[in-house]
Amino acid sequence: MPSLADTQPDIAVLVGTRKGLFIARSDDRRRHWQLEGPHIAGYEIQAAYLHPDDPAIGYAAAHHPVWGIHVYRTEDGGRSWTGLAEVPRHGPDEDESSLKMIWSLAPGPGSDPDHVMAGVEPPGVFRSRDGGQTWQPLTGFNDHPDRPAWSPAKGGLAVHSLQPDPFDSQRLFVAMSAGGIYRSDDGGDHWQAANAGIRAPYLAEQAPECGHCVHRLLVHPAQPGRAYQQSHHGLYVTDDGGRHWQEVTDGLPSDFGYALATDPRHADVIYCVPEESSQFRATVNGRLRVYRSDDAGRHWTALTRGLPQENVFVTVLRDGLAADGLDPLGLYLGTSSGHLFASRDAGDSWQRIAGYLPGILSIRAVAVDDGAS
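Below you will find a few notes about this structure. (Residues numbered from 1 in each chain as written. Predicted model: local features only at pLDDT ≥ 70, side-chain atom pairs only at ≥ 80, totals over all residues. Heavy atoms only, no water.)

## Quick word on the overall build of the chain
Next up, step 1: If you tally the helices and strands in the chain, you get two helices and 28 strands.
Next up, step 2: Against the globule reference of 21 Å for 373 residues, the chain gives a C-alpha radius of gyration of 19 Å, in line with a compact fold.
Next up, step 3: Counting across all 373 residues of the chain, residues that qualify as buried make up 59%.
Next up, step 4: At a minimum sequence separation of 6, the contacts of the chain that also span at least 24 residues come to 50%.
Next up, step 5: Carbon and sulfur atoms make up 46% of the accessible area of the chain, which amounts to about 15100 Å² in all.
Next up, step 6: Positive and negative charge centroids in the chain, built from 31 and 47 side chains respectively, lie 6 Å apart. (Helix = DSSP H or I, 4+ residues; strand = E, 2+ residues; numbered from the N terminus. Rg over C-alpha atoms; globule rule 2.2 N^0.38 Å. Buried < 20%, exposed > 50% of the residue type's maximum accessible area, 1.4 Å probe, protein only. Contact = heavy atoms within 4.5 Å. Areas by Shrake-Rupley, 256 points an atom, 1.4 Å probe, with all protein chains shown as cover. Lys, Arg positive; Asp, Glu negative; His and termini not counted. Charge placed at Lys NZ, Arg CZ, Asp CG, Glu CD.)

## Quick look at the sheet that holds strand β2 (residues 20-26)
Next up, step 1: Spatial ordering of the open sheet is given by β3-β2-β1-β28, a layout of four strands whose pairing is antiparallel. One side of each edge strand has no neighbouring strand; the edge strands of this open sheet are β3 (34-39) and β28 (360-368). Going across the sheet, the axis of each strand differs from the next one's by a mean of 20°, ignoring polarity.
Next up, step 2: Bridging between β2 and β3 involves four bridges; their strand directions are antiparallel. Counterpart to Arg-25 in the pairing with β3 is Gln-34. (Pairing = 2+ DSSP bridges. Axes fitted to C-alpha atoms, helices over the stretch in contact; angles between N-to-C directions.)

## Considerations on the pattern of salt bridges
Next up, step 1: Across all of its chains, the model carries 16 salt bridges by this definition.
Next up, step 2: Of the charged contacts, one joins Glu-44 and Arg-18 as a salt bridge, the two residues approaching to 3.3 Å between their closest N and O atoms. Here Glu-44 is found in strand β4 (residues 44-51), whereas its partner Arg-18 is found in the loop between β1 (10-17) and β2, with 26 residues between them in sequence.
Next up, step 3: Overall, Arg-18 belongs to the partly exposed group, its relative accessible area being 41%.
Next up, step 4: Put simply, Arg-73, Glu-75 and Asp-114 are held in one network by salt bridges that share partners. (Salt bridge = Lys/Arg side-chain N within 4 Å of Asp/Glu carboxyl O.)

## Quick look at the sheet that holds strand β10 (residues 124-128)
Next up, step 1: Spatial ordering of the open sheet is given by β8-β9-β10-β11, a layout of four strands whose pairing is antiparallel. Two strands in the sheet have a free side with no partner beyond their single neighbour: β8 (101-107) and β11 (136-137).
Next up, step 2: Pairing of β10 with β11 involves two bridges; the strand directions are antiparallel. Among the inter-strand pairings, Phe-126 is bridged to a residue of β11, identified as Pro-137.

## Details of the pairing of strand β5 (residues 54-64)
Next up, step 1: Summarising burial for β5: ten of the eleven residues are buried, a large majority.
Next up, step 2: Counted between consecutive antiparallel strands, the loop separating β5 from strand β6 (residues 68-74) contains three residues.

## Remarks on the environment of Glu-310
Next up, step 1: If you trace the backbone, Glu-310 turns up in the loop between β23 (301-303) and β24 (321-323).
Next up, step 2: For the pair Glu-310 and Gly-286, spaced 24 residues apart in the sequence, the C-alpha separation amounts to 5.7 Å.

## Digging into the nonpolar core
Next up, step 1: In terms of nonpolar packing, the biggest core is built from 19 residues, with Tyr-271, Leu-288, Val-290, Leu-321, Leu-333 and Trp-350 touching the most fellow members.
Next up, step 2: For this core, the secondary structure elements donating two or more residues are β20 (256-263), β21 (266-275) and β25 (331-334).
Next up, step 3: Dropping the residues within four chain positions of it, Leu-333 is found in contact with Val-273, Leu-288, Val-290, Leu-307, Val-316, Gly-320, Leu-321, His-339, Leu-340, Phe-341, Trp-350 and Ile-363.
Next up, step 4: With 18 residues, the next largest nonpolar core counts Phe-22, Trp-33, Leu-340 and Ala-367 among its residues. (Core = buried A, V, L, I, M, F, W, Y, C linked by side-chain atoms within 4.5 Å.)

## Description of the packing of aromatic side chains
Next up, step 1: Summed over all chains, the structure comprises nine aromatic pairs.
Next up, step 2: Between Phe-280 and Phe-313, the aromatic rings sit 6.0 Å apart at their centres with planes inclined by 80°, giving edge-to-face as the arrangement. Residue Phe-280 is found in helix α2 (residues 277-280), and its partner Phe-313 is found in the loop between β23 and β24; the two are separated by 33 residues along the sequence.
Next up, step 3: What makes Phe-313 partly exposed here is its relative accessible area of 47%.
Next up, step 4: In textbook terms, an aromatic cluster arises when at least three aromatic residues are bridged by ring pairs, as seen for Phe-141, Trp-150, Tyr-182 and Trp-191. (Phe/Tyr/Trp six-rings, centres within 6.5 Å; stacked < 30°, edge-to-face > 60°.)

In short, the description is geometric, and any link to function would need to be established separately.
Shown next as C-alpha cells:
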C-alpha cells in the first residue's frame with residue numbers, strides 16, 4: 001500500500017452507535033463531510049474498523065436484544081455489510097455463559113485483513129485467520145489462573161482493549177474491567193499481568209497484581225515499549241511494555257475518564273477526555289474538553305475551541321475518541337448525546353460534523369485511497 005505521503009487519501013470515520021453504524025467521509029482536507037448510514041440498522045455497534053493495509057475489508061461487532069450477537073464483514077470499504085455465520089464464544093450457542101457481548105475487534109499482527117482478533121464478555125480473547133468464518137480461543141488467557149480475581153465492574157467483566165505490539169508480532173496486550181492489563185510474549189499462548197504502579201484503592205491489597213479496573217489501553221506504534229492507559233483512578237504511561245507504569249494525571253481536572261487517543265507519529269503526544277468521578281461519569285463542570293499533552297503527560301493543555309463549554313453533561317466512552325494518523329493530525333470525538341466532532345489541526349479547533357445521532361459507542365478513523373474503497 002502506498003504511503004500517505006504519496007497519495008491523496010480520503011478519510012473514513014466509522015461511528016458505532018446504539019442504533020447502527022454510520023460512516024463519515026471526507027477528502028484529506030477534512031473541511032466537508034458526508035454522512036452515510038445507518039448500516040446494520042437497529043443494532044448496537046460496540047466496535048468496527050476498516051483494515052489499515054486493505055481498507056476495503058472491515059469488521060463490525062453488532063448486538064441486538066432480540067436478534068442476538070453477530071460479526072459483520074465488508075469488502076467494499078463499508079458501503080455494504082454481510083453478517084457472518086460464527087461469532088467468538090466460549091461454548092455452545094445456547095449456553096448463557098458463552099457470550100454476552102463482543103467488546104473489541106482488532107486487526108491481528110501482520111497485514112493480512114483476514115486475521116482478526118476479538119475481546120468478549122465473559123472475558124476472553126479469540127482469533128480468526130479466515131475473515132471471521134471460524135474463531136479459535138486463546139486458552140492461555142481464557143483459562144488463566146488469575147481468573148477468580150477478576151470481577152465485574154459497572155459495565156460488566158469484559159476484554160475491551162486488544163492491542164498487538166507493532167514492533168513484536170508475538171507480543172499482545174489486552175485490558176479489561178475489572179481484571180487489569182495482561183501481556184503475552186509468545187503469540188497468545190501464555191499471559192502475565194502487567195499492572196505494577198497502578199493505583200487501585202477499590203481493592204483490598206495495597207499493590208495488587210491483578211483485578212484492576214482499566215478503562216482504555218493504547219500501545220504506541222512509534223516507540224517500542226510505550227503505551228498509555230486510562231484506569232479507574234488515573235492516567236498512566238509505560239516505557240517498558242507494561243512492566244512498570246507511571247501516573248501522569250497531574251494537571252487534569254479529574255483522574256477519571258475513558259477515552260484516549262495518540263498521534264501515531266509522535267510517541268509523547270496523548271489525548272484524553274477527563275470526566276467527573278465514578279459516580280457522575282460525565283464531563284467535568286459541564287464543559288466538553290479534550291486535553292492534550294506533548295510531553296507524555298508531564299504537562300496538559302485543555303482544547304476547547306469549537307466544543308460547547310456550558311451545560312454539556314455527556315459521556316465520551318472508551319472508544320469515543322480516535323485519530324486518523326494524517327499530518328496535521330485529525331481527531332474525532334463522539335458523545336453519548338450522539339454528537340460527532342472533528343479536528344483537522346491536532347485538536348486546536350473543532351467542528352461538529354453530525355448531531356443527534358443515536359448515542360455514540362465507538363469511533364475508528366482510517367485513511368483510504370480513492371481506489372481502495
